Amino acid sequence: IAIAKLSQRDKSRHKTLPVEITKRITSLYNNRQFKEVAKCAERLIKDFPSSLFLWNLKSHSEFYLKRLENAEAGFRVVNQLDPTSPNAYNSLGNVLRSLGRINEAIENYEKTLSLNSKHFYALYHLGLSLHDIGDYENAIRNYRKLLILRPDFNDAYYRIGLAFKK
């Protein structure tokens, strides 16, 4: 699916990504056409290098395509463009954890939580990462924080049980 190349006049008129392009690439993403999203976003980023929307879609698509190095690079750009976004640090943490770089992932989850102490997914993934490195006490602490936010989150109970067995 081709996205039309913007003319120089169009670029000067639109400081942000045009709505029709936003809708189109969002539709591709929602339909899980991640390869196409990554390709389109890559092209559009040349015209809109500061678009958090494009960088996020591209980076998430790269993650789902298991192109983890590309996802990492993209989320690092997102963090530079918006250093106050807890979601970007959490996403980078997920990529780093997938790459086996657990300590770096932990740093990103902690950064996420410094920006939003109730970030559910950061608490969960931090707990998983702490468990990965054998820090069961702090993993349990994180899972308990999760249960305060969502007492019905059964996986937290399961994870606490696993940590207690160690």
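What you see is a predicted model, and the numbers here were worked out from it, not measured in a lab. (Residues numbered from 1 in each chain as written. Predicted model: local features only at pLDDT ≥ 70, side-chain atom pairs only at ≥ 80, totals over all residues. Heavy atoms only, no water.)

Chemist: What should I look at first to understand unusual backbone geometry in this one?
Modeler: Outside of glycine, negative phi angles account for most residues, and trans bonds account for most peptide bonds. Positive phi values are uncommon outside glycine, yet R32 reaches one of about 60 degrees. Summarising the element assignment, R32 is placed in the loop between α2 (19-30) and α3 (34-47). Residue R32 is classed as exposed on the basis of its relative accessible area of 59%. The phi dihedral of K66 is positive, around 65 degrees, even though this residue is not glycine. Topologically, K66 is positioned in the loop between α4 (52-64) and α5 (68-81). (Helix = DSSP H or I, 4+ residues; strand = E, 2+ residues; numbered from the N terminus. Buried < 20%, exposed > 50% of the residue type's maximum accessible area, 1.4 Å probe, protein only.)

Chemist: Help me understand helix α6 (residues 86-98), please; the structure alone is not making it clear to me.
Modeler: Two residues of an α-helix separated by three or four positions point the same way, owing to the 3.6 residues in each turn. With 13 residues, α6 extends 19 Å between its outermost C-alpha atoms, agreeing within 8% with the 18 Å of an ideal straight helix rising 1.5 Å per residue. Of all 13 residues in α6, 10 are buried; the element is thus mostly enclosed. Among the residues of α6, P86, A88, Y89, N90, S91, L92, G93, N94, V95 and L96 are the ones counted as buried. Elements in contact with the buried residues of α6: α4, α5, α7 (102-115) and α8 (120-132). (Expected span 1.5 Å × (residues − 1). Contact = heavy atoms within 4.5 Å.)

Chemist: How should I be thinking about the pattern of salt bridges in this particular structure?
Modeler: For side chains of opposite charge, pairing can occur when their charged atoms come near one another. Using the criterion set out here, one finds 12 salt bridges in the structure. The partner of R150 in a salt bridge is D152, with the nearest N and O atoms 3.7 Å apart. Classification of D152 by relative accessible area gives exposed; the value is 55%. (Salt bridge = Lys/Arg side-chain N within 4 Å of Asp/Glu carboxyl O.)

Chemist: Could you clarify how one ought to interpret the environment of L96 in this entry?
Modeler: Of note, L96 is situated in helix α6. Excluding its chain neighbours within four sequence positions, the residues that come into contact with L96 are E72, R76, R101, E104, A105 and N108.

Chemist: How should I be thinking about the nonpolar core in this particular structure?
Modeler: Across soluble globular proteins, nonpolar side chains show a tendency to be buried alongside one another. Y124, L126, Y143, L146, F153 and A156 are the most contacted members of the largest nonpolar core, which has 27 residues in total. If you tally residues by element for this core, the top one is α8, at 7 residues. Counting residues in each nonpolar core, the second largest holds 17 residues, with L17, F34, V37 and L57 among its members. (Core = buried A, V, L, I, M, F, W, Y, C linked by side-chain atoms within 4.5 Å.)

Chemist: Can you walk me through the packing of aromatic side chains in this structure?
Modeler: The description of two aromatic rings rests on the distance between their centres and on the angle between their planes. Inspection of the entire model under this criterion finds 6 aromatic pairs. Ring centres of Y29 and F34 lie 5.4 Å apart, and the angle between their planes is 70 degrees; this geometry places the pair in the edge-to-face category. Since its relative accessible area comes to 18%, Y29 is described here as buried. You can call F34 buried: its relative accessible area is 8%. For the ring pair F63 and Y64, a centre distance of 5.9 Å and an interplane angle of 65 degrees mean the geometry is edge-to-face. Each member of the aromatic cluster is reached from another via a ring pair, and the members are Y29, F34, F63 and Y64. Across from the ring centre of Y64, 5.8 Å away, lies the NZ or CZ of R32, which sits over that ring. Residue placement shows K111 over the ring face of Y89; its charged tip is 5.6 Å from the ring centre. (Phe/Tyr/Trp six-rings, centres within 6.5 Å; stacked < 30°, edge-to-face > 60°. Lys NZ or Arg CZ within 6 Å of the ring centre and 35° of its normal.)

Fair warning: the whole summary comes from geometry, so function is off the table for now.
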